[in-house]
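# Summary of the model geometry
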Amino acid sequence: MDGMAASDGMDGTDGMDGTRGTVAGGDELIVLEELEKVFRVRRRAGRFRRTRSEVRAVNGISFTVRRGEMVGYIGPNGAGKSTTIKMLTGILTPSGGRLRVAGIDPQHERTRLARRIGVVFGQRTTLWWDLPLRDSYALVRRMYRVPQARFRENLERCVELLDLAELLEVPVRQLSLGQRMRGDIAAALLHDPEVLYLDEPTIGLDVISKAKVRSFLRELNAERGTTVLLTTHDLTDIEQLCRRVMVIDHGRLMYDGGLPGLYEAGAGERQLVVDLEREQPPISVEGARTVRVEGPRQWLAFPAKASAAPLVARVAADYPLLDLSLREPDIEDVIARMYASGDGGGDGPRAAEVPVAG
Amino acid sequence: MVKVLDGLRGYGLIVGMWFRSTLAYRASFLLTTLGNAITSWLEFAGILIIFSHVDQLGGFSVGEVALMYATASCSLGLADLFLGNMDQLGARVRDGSVDTMLIRPVPLFAQVAADRFVLRRVGRIVQGLLVLGWALAQLRPGWSVLEYALLAGVIVCGAAIFGALWALGGAFQFWAQDAAQVQNSVTYGGNRLLQYPPTIYGTELVRGVTYVVPLAFVNWVPLLRLLDRDDPLGLPGWVDFLSPLVAVVMCALTALLWRVGVRSYRSTGS
Ligand SMILES: Nc1ncnc2c1ncn2[C@@H]1O[C@H](COP(=O)(O)OP(=O)(O)OP(=O)(O)O)[C@@H](O)[C@H]1O
Ligand SMILES: [Mg+2]
């Protein structure tokens, strides 16, 4: 969070505000200004009638990602994460707003941009189904014109770190989901992209594979300075990898900043767990509320920002205290609370949907 | 220009991958090749059977009809080899796998053209060339080099027109993913039509394939000139040389529509 603020100058460091001035600087790799994507969809309404409506999948998002950042892009299902990534890569044409990646307009110079970015879609593979993994990599080398030596070096690194050695000669269709995902990540990196987009890269991976992928990404970012933008529903990914998080919902940016700030923004609470000498009615103490009582053990919730010390002192003064422990807020809870406060919550489509005339 | 070269190079690379992929299924490759060969030779056998009963068909001799058959086959074969899988773009649009093509540094058109490339399609071209040789042996037209060059030009322009039709159909599939049937009836169906002389069809039909879908320019119009025949529509003489222009216009139109199509590609939710 602090890192970002530096380049923004007088534009403020407010983490909640997604819009930042676009200072034209070489450091800003990805720049979005009021980006929009509207899908026109037709729905069945009754037996023969169809109504047309618009889905605002991305509804005016602005942010800047600087070179070398590793950013988590999270939000509930249907929030517009994948749609944003598709516009960043030139797959989809934006309906409005401005967009630059490495100074390139993805929509107009898609193939030129393609040489400089790597993309991994968790749901989709770029590997060749009937051919050994190695062949897909050979294609990448020729298609991106990677110099032979460079290619060998990159491949060796990926093979080692992602544990692909035994898979190279196996036809892709015989790989398991997790093996294929690792193969896909390697394929996206052989041409030394400046930016790597990952859309749910840890989906369906076991604990060990997840750890492997995470440490690989961390190393990539640290050693090569590759900028990484990743979406995920596994918040451990975010906690372990990203210093900056962007939360979107209904196609709008809800939060942009560091993880600690996210707790506050989501009105996060910490919990004090106290063990008393004997069972007691719920503790009532200033600055906290009792959320759970189980025999002599009680849980007190208090704002994440507040210090625990005075609270502990107050409890100790009034109650027979045996032991206590402090629980940090659960990031999942925090985010769930944020989603819910975004609007009525509910299970409806997350993107804003409005019927259009005609 | 650079883009065209890039496209050709990418096309070659992807064709190579598909070629190796099909080698993984050798038996299926052999069977479908055999199947296709039988189908196309039966087609030609049909023409020979007709001529075992009659001497002329719509005023054309067996050699002349064979020439029409051969040029149509060669043109369609070339277009089919290079762009034949355009009709399957719809499936790729529907399941969103165009996404993975769009992140590669190769123009989309080249990738779609190379998609699921199958070498067995060379078969139709080989057969067309064999029939062409046979037809010329029958006709012994006594042409000069210029006329043979014109004949080659007919095949190339015909291939361009067929190719443009295929790509046009492909571009439409960005909006209507089920256009494949219409597209195939125009191309493969058109090919069947062009294998016989225009005089055996009603003028309405001939008009349709001249003005609406300009299939007549694939082989009929220029061949009638080469064979010194009258045009059933009575068009002025210079029209006989319009095939290249028709091909260029069709290709330009296709390129335009393709761009609009790619822009309107909407992927799938993911
Ligand atoms: N091709 C499409 N046509 C119509 N609507 C679409 C299309 N793609 C996405 N949408 C809609 O846009 C919205 C955002 O979808 P998107 O795939 O970006 O969500 P997401 O944030 O990636 O969700 P998830 O976490 O489930 O992957 C959804 O409401 C979805 O229904
Ligand atoms: Mg998604």
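Chain B is annotated in an unreviewed UniProt entry as ABC transporter permease from Streptomyces cheonanensis.

An unreviewed UniProt entry lists chain A under the name ABC-2 type transport system ATP-binding protein, from Streptomyces harbinensis. Under the heading Subcellular location (unreviewed entry), UniProt records this for chain A: "Cell membrane".

Before going further, it helps to spend a moment on the sheet that holds strand β10 (residues 269-276) of chain A. All names here are of chain A. Strand order in this open sheet of 4 strands is β11-β12-β10-β13, and the pairing throughout is antiparallel. The open sheet is flanked by β11 (289-294) and β13 (321-327), the only strands paired with a single partner. When the angles between neighbouring strand axes are averaged without regard to direction, this sheet yields 20 degrees. Looking at chain direction, β10 and strand β12 (residues 297-303) are connected through 7 bridges and run antiparallel. Note that in β12 the partner of R270 across the bridge is F302.

This paragraph deals with helix α7 (residues 122-139) of chain B. Residue and element names in this part refer to chain B. The terminal C-alpha atoms of α7 lie 26 Å apart, and with 18 residues this matches the ideal 26 Å at 1.5 Å per residue to within 8%. When we look at burial in α7, the residues that qualify are R124, I125, Q127, G128, V131, L132, A135 and L136. Elements that come into contact with the buried residues of α7 comprise α2 (26-53), α3 (62-83), α8 (145-172) and α9 (180-194).

Another aspect to go through is the site of ligand 1. Close contacts around ligand 1 come from 19 residues, with A:G78, A:K81, A:S82, A:T83 and A:H233 the closest. Each of chains A and B places residues near ligand 1. Measuring from an oxygen atom of ligand 1, one finds a backbone N or O atom of A:G78 at 2.8 Å. Within the side chain of A:S82, a nitrogen or oxygen atom sits 2.7 Å from an oxygen atom of ligand 1. For ligand 1, the accessible surface in isolation is 640 Å², of which the surrounding protein chains cover 82%. Elements that contribute at least two residues to the shell around ligand 1 include exactly β1 (28-44), β2 (50-66) and α2 (81-89) of chain A.

So, how was this worked out
- Residues numbered from 1 in each chain as written.
- Chains lettered and ligands numbered in written order.
- Predicted model: local features only at pLDDT ≥ 70, side-chain atom pairs only at ≥ 80, totals over all residues.
- Heavy atoms only, no water.
- UniProt positions renumbered as here; feature names shortened; annotations may be inferred.
- Pairing = 2+ DSSP bridges.
- Helix = DSSP H or I, 4+ residues; strand = E, 2+ residues; numbered from the N terminus.
- Axes fitted to C-alpha atoms, helices over the stretch in contact; angles between N-to-C directions.
- Expected span 1.5 Å × (residues − 1).
- Buried < 20%, exposed > 50% of the residue type's maximum accessible area, 1.4 Å probe, protein only.
- Contact = heavy atoms within 4.5 Å.
- Near = heavy atom within 4 Å.
- Polar contact = N/O pair within 3.5 Å; in protein donor to acceptor, adjacent residues only side chain to side chain.
- Areas by Shrake-Rupley, 256 points an atom, 1.4 Å probe, with all protein chains shown as cover.

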